[in-house]
Amino acid sequence: MTQLLDNINFPEDIKKLSIEQVKELGDEIRAFLIEKVSKTGGHLASNLGVVELTLALHRVFDTPKDKIIWDVGHQSYVHKMLTGRKDKFETIRKLGGLSGFPKTKESEYDVFNTGHSSTSVSAALGIAKARDMKNEKYSVIAVIGDGALTGGMAFEALNDAGRSPNNLIVILNDNEMSISKNVGGLSRYLSKIRTEPFYFKVKEDIDIFLNKIPAIGKSAAKALGRVKGTIKYMIMPGIIFEELGFKYLGPIDGHNLLELENVLTRAKKAKGPVLVHVCTQKGKGYTYAEENPAVYHGISPFEIETGEVIANSGPSYSDMFGKEIIDIAEKDKRVVAITAAMPHGTGLDGFSKRFPDRFFDVGIAEQHAVTFAAGLASNGMVPVVALYSSFLQRAYDQVLHDVALQNLHVVFAIDRAGIVGEDGETHQGIYDISFMRHIPNMTLLAPCDYNELRKMLWYAVFEHDGPIAIRYPRGKGPEKLLDTPPVKMGQSLIVKEGKDVTIATIGNKLEVALEVQQKLERLNISAEVIYSRFIKPLDVNTILGSVLKTGALVTIEDNAMEGGYGSRILEMISQKDINIRSKVIGYPDSFIPHGSIRELQHIYRLDADSIYNDVLKLLNKKRG
Ligand SMILES: Cc1ncc(C[n+]2csc(CCOP(=O)(O)OP(=O)(O)O)c2C)c(N)n1
């Protein structure tokens, strides 16, 4: 049976349809998304929620001339389908395939790359300013979720855009959800707008109404002015945005195409900054996602009929962290946990239930999370801040300026450190060693297995004072790779003794280092394997002692080579008068695209075979 969708490839195709046909098309798009994402995995719930909004945007506006900037960008699947990429959809998030986020290199319809939250209004304002400086004519639209609106950058941008004369449209896609339930005062305010009846939809109407109220005498007029202000606050939705300088339009039912098209047409004609408040339902059209939008926010491949994720057995590093931190908190009331909108992803769900008063979800606000932790630590608490490596990038200055400078005892649980796979370049956590190791007072560790993660957490909370960070990867790892002694500040472990080459490593790369060591053993090459445990302070003496014996050094890390663990070792060796052959193995000075972790490790030569070959090459050079 042919479907409407079969003939839809570009925005002009949907412009020809009647509103009834567009509604039908919406259903077909939903079925398409569910079918494809059930196979590839991806951000399903957010995309199911923006089907009508995306259709309406592409019908009212003239893309790519008009520019749409998708905040975070995880909700851009429908946009991709309608802008020439429907036929490649099964490649989404796969190596060499479509990205799960907007990419300017992928299509002229993607005008700005996103991935990290709350950037869209800033980017849109910049684009609009440049447009006006060049005397060009088109609309610029930022689509931002209520979750993304909790990020500081969004506030900064609204504050600036509101006083700018430039035409700019901000669409607030309000589904009451971040990944989990949205948090904070603004979220409460939005929910009030959604649920309370308002008599006036636009400020002009209310001004006309209020001006009809007569005032007799000067003081009565003054008092009336005050009363009018109060009435306005009571009966006008979105007054906060109006006060910031935006024309507020809404709230609008984000699944009603006619309403959407009307309001977008008005926004298109308006002068200055406009904010359109659109209410949508996350996961709309797929019962499992409607009932559990947090689970279907970013989902692995699943069975459509049952909603069950395929092949998801065994706990992950995040689960192990979440479990252990509960045990730790049982022992000490000062321990509190902080997440920036990722209670589920960081494994803190259990903690939030066990200790609701000691758990803080601060919204998508990594910078605030870190300085908030610094405040807690300065007043006697032991905060554990769990952030993904790539999002911690946001809070570099807060880690340095607010935590480390005051040597405060804040524990950073850096999740998703290293290559993360399908989410691609914006999410790869391969810079944290480089930016954390420069920070004075910082201690940085990386566990090789779950057992080590547990030991390191106990050490960080109970035996350490000052800032300390533990970085661990996405997904699963071994329960116990080695028998390890208690953690001791700055102490590394020689895991295997050898005489031909030193392999120094940290974190999850110990597993591959041991695999390489065994392969070498089969060629009668004996490798000494050192597991550093601490990246900072680095036990360089143990490494030096080893390389003086072997004359060759290979370092392996799940981080960029630039400024990373291996580079630190070489910096230290360069201070001594030692002549050795060395090879640093890590990610190169380029952004790492999306693909499976296994594929990326192979391409970037971090798999056992590639490392083995690199070691052999190095040893030949040594012999030569
Ligand atoms: C700086 C940063 N922190 C965390 C995330 C992870 N993240 C991706 S989407 C999302 C929730 C976004 O909520 P919202 O903007 O309301 O969009 P929705 O998915 O509800 O449509 C979060 C926390 C991120 N992308 N960037």
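Residues numbered from 1 in each chain as written. Predicted model: local features only at pLDDT ≥ 70, side-chain atom pairs only at ≥ 80, totals over all residues. Heavy atoms only, no water.

Peer 1: Provide a residue-level description of the pattern of salt bridges, including the pertinent values.
Peer 2: Using the criterion set out here, one finds 32 salt bridges in the structure. Where Glu330 meets Arg354, a salt bridge forms, and the shortest distance between an N and an O atom there is 2.8 Å. Of this pair, Glu330 sits in helix α14 (residues 317-331) while Arg354 sits in helix α15 (residues 349-354), and the two are 24 residues apart along the sequence. Judged by its relative accessible area of 42%, Glu330 is partly exposed. Taking relative accessible area as the criterion, Arg354 reaches 42% and is therefore assigned partly exposed. (Salt bridge = Lys/Arg side-chain N within 4 Å of Asp/Glu carboxyl O. Helix = DSSP H or I, 4+ residues; strand = E, 2+ residues; numbered from the N terminus. Buried < 20%, exposed > 50% of the residue type's maximum accessible area, 1.4 Å probe, protein only.)

Peer 1: So what about the packing of aromatic side chains? Which residues, and what values?
Peer 2: Per the counting criterion, the structure on display carries 18 aromatic pairs. Between Tyr317 and Tyr450, the aromatic rings sit 4.9 Å apart at their centres with planes inclined by 85 degrees, giving edge-to-face as the arrangement. Placement of Tyr317 in helix α14 and of Tyr450 in helix α20 (residues 450-463) is noted, with a sequence separation of 133 residues between them. Both residues of the pair, Tyr317 and Tyr450, count as buried. Consider the rings of Phe351 and Phe355, whose centres lie 5.0 Å apart with planes at 50 degrees: the pair is tilted. In terms of burial, Phe351 and Phe355 fall into one category: buried. One aromatic cluster in this structure is built from Tyr286, Tyr288, Tyr296 and Phe302. Its end group placed over the ring of Phe355, Arg358 keeps NZ or CZ at 4.4 Å from the ring centre. The ring of Tyr612 carries the charged tip of Lys519 above its face, separated from the ring centre by 4.9 Å. (Phe/Tyr/Trp six-rings, centres within 6.5 Å; stacked < 30°, edge-to-face > 60°. Lys NZ or Arg CZ within 6 Å of the ring centre and 35° of its normal.)

Peer 1: Tell me about the domain arrangement of the chain, residues and numbers included.
Peer 2: On domain assignment, one finds that the chain holds domain 1 (4-196 + 237-291), domain 2 (317-471) and domain 3 (493-623). Distance between the C-alpha centres of domain 2 and domain 3: 27 Å. In this assembly, 33 residues from domain 2 lie in contact with 31 residues from domain 3. Where domain 2 abuts domain 3, roughly 2400 Å² becomes buried across the two surfaces, and 55% of that area is made up of carbon and sulfur atoms. Broken down residue by residue, the surface that domain 2 buries against domain 3 is led by Ile419, Ile433 and Arg437, which jointly contribute 29%. Scanning the region where domain 2 abuts domain 3 turns up 2 salt bridges. (Domains from an automatic or database assignment. Contact = heavy atoms within 4.5 Å. Buried area = accessible area lost by both parts, 1.4 Å probe.)

Peer 1: Residues and numbers for a positive patch on the surface, please.
Peer 2: Side chains of Arg581, Lys583, Lys617 and Lys621 sit close together on the surface and give a patch of like positive charge. At the level of elements, β17 (581-587) and α25 (608-623) are the ones that each hand at least two residues to the positive patch. Within the fold, Lys583 resides in strand β17. On the basis of relative accessibility, which here comes to 33%, the residue Lys583 falls in the partly exposed class. (Patch = residues over 30% accessible without salt bridge, like charges linked within 9 Å, V, L, I, M, F, W, Y side chains within 5 Å. Areas by Shrake-Rupley, 256 points an atom, 1.4 Å probe, with all protein chains shown as cover. Lys, Arg positive; Asp, Glu negative; His and termini not counted. Charge placed at Lys NZ, Arg CZ, Asp CG, Glu CD.)

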